[in-house]
Amino acid sequence: MTIPVTDIQAAQILTDHGIRLSIQRIQIYQNLCASGEHPTAEMVYAQLASSIPTLSRTTVYNTLKLFAEKQLVQTLLIEDDEMRYDADTEEHLHFKCHCCGKVFDAATNNTARTELSRFHNYCNSLLPDGFLSEKIQTYFWGRCGNCAVESYPKKA
């Protein structure tokens, strides 16, 4: 899901999360919000490097780490030790297409999020006494709509 934000909105959100402002941080956050791809740090760097010549990979990695620490983004480790980032921090599911490699949001409407919250509460109830989960993520793998059609075209 994309969440378009202006420079001013991005600056306010960063400030609200206790993050010092810089052009790079604002641009990285806007890039995450505008992307429906759940990009990796390398993808963010590749998308912004030409428009911010002074941007370094280290800045991107450190900024994304800071955003995650401040709970401004959620991290997704779907497979292959490839960290991805999502600006939508509300509870929802993720689907990764094993054909094209894209990651999509699922269960993003209010009803689905409510049911997902119930499911996570149930999962927490299964933990031994004294245990406290801090994060539950659920992933699906398969073929996205485009890849499924290419693999199995509809019959006439």
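Quick look at the structure, then.

## Overview of the side chain of Asp86
Looking at the secondary structure, you find Asp86 in strand 2 (residues 83-86). Arg113 provides the closest opposite charge to the buried, unpaired Asp86, separated from it by 7.9 Å. A distance of 3.2 Å separates polar atoms of two side chains, one belonging to Asp86 and the other to His38. Here His94 takes part through its side chain, which lies 2.8 Å from a polar atom of the side chain of Asp86.

## Things to note about the pattern of salt bridges
Evaluation of the coordinates by the stated rule reveals 5 salt bridges. In this structure, the salt-bridge partner of Arg57 is Glu42, at a minimum N-O distance of 2.9 Å. Of this pair, Arg57 sits in helix 4 (residues 57-69) while Glu42 sits in helix 3 (residues 41-48); the two residues are 15 residues apart in sequence, bridging distant segments of the chain. Glu115 is the partner of Arg118 in a salt bridge, and the nearest nitrogen-oxygen pair spans 2.8 Å. Of the two residues, Arg118 and Glu115 are both situated in helix 5 (residues 110-125); the distance of 3 residues between them amounts to about one turn of the helix. One network of salt bridges, in which partners are shared, links Glu82, Arg84 and Lys96.

Thresholds applied
- Position numbers for residues count from 1 along each chain, tracking the sequence in the order it is written.
- Residue-level local features of this predicted model are given only where pLDDT is at least 70; pairs of side-chain atoms are given and counted only at 80 or more, and the full residue set underlies all totals for whole chains, interfaces and linings.
- To get the side-chain values, take all heavy atoms of the structure and skip hydrogens and water.
- Where helices and strands are cited, they refer to DSSP runs of H or I of at least four residues and of E of at least two residues respectively, numbered from the N terminus.
- Note on classification: 1.4 Å probe, protein chains only; a residue is buried when its accessible area is under 20% of the maximum for its type, exposed when over 50%, partly exposed between these limits.
- His is not counted here, nor are the chain ends, while Lys and Arg score as positive and Asp and Glu score as negative.
- Salt bridges, as used here, are contacts in which a Lys or Arg side-chain nitrogen is within 4 Å of a carboxyl oxygen on Asp or Glu.
- N or O atoms within 3.5 Å of each other form a polar contact, as long as, within protein, one can give a hydrogen and the other can take it, and as long as residues adjacent in sequence are counted only when both atoms are side-chain atoms.

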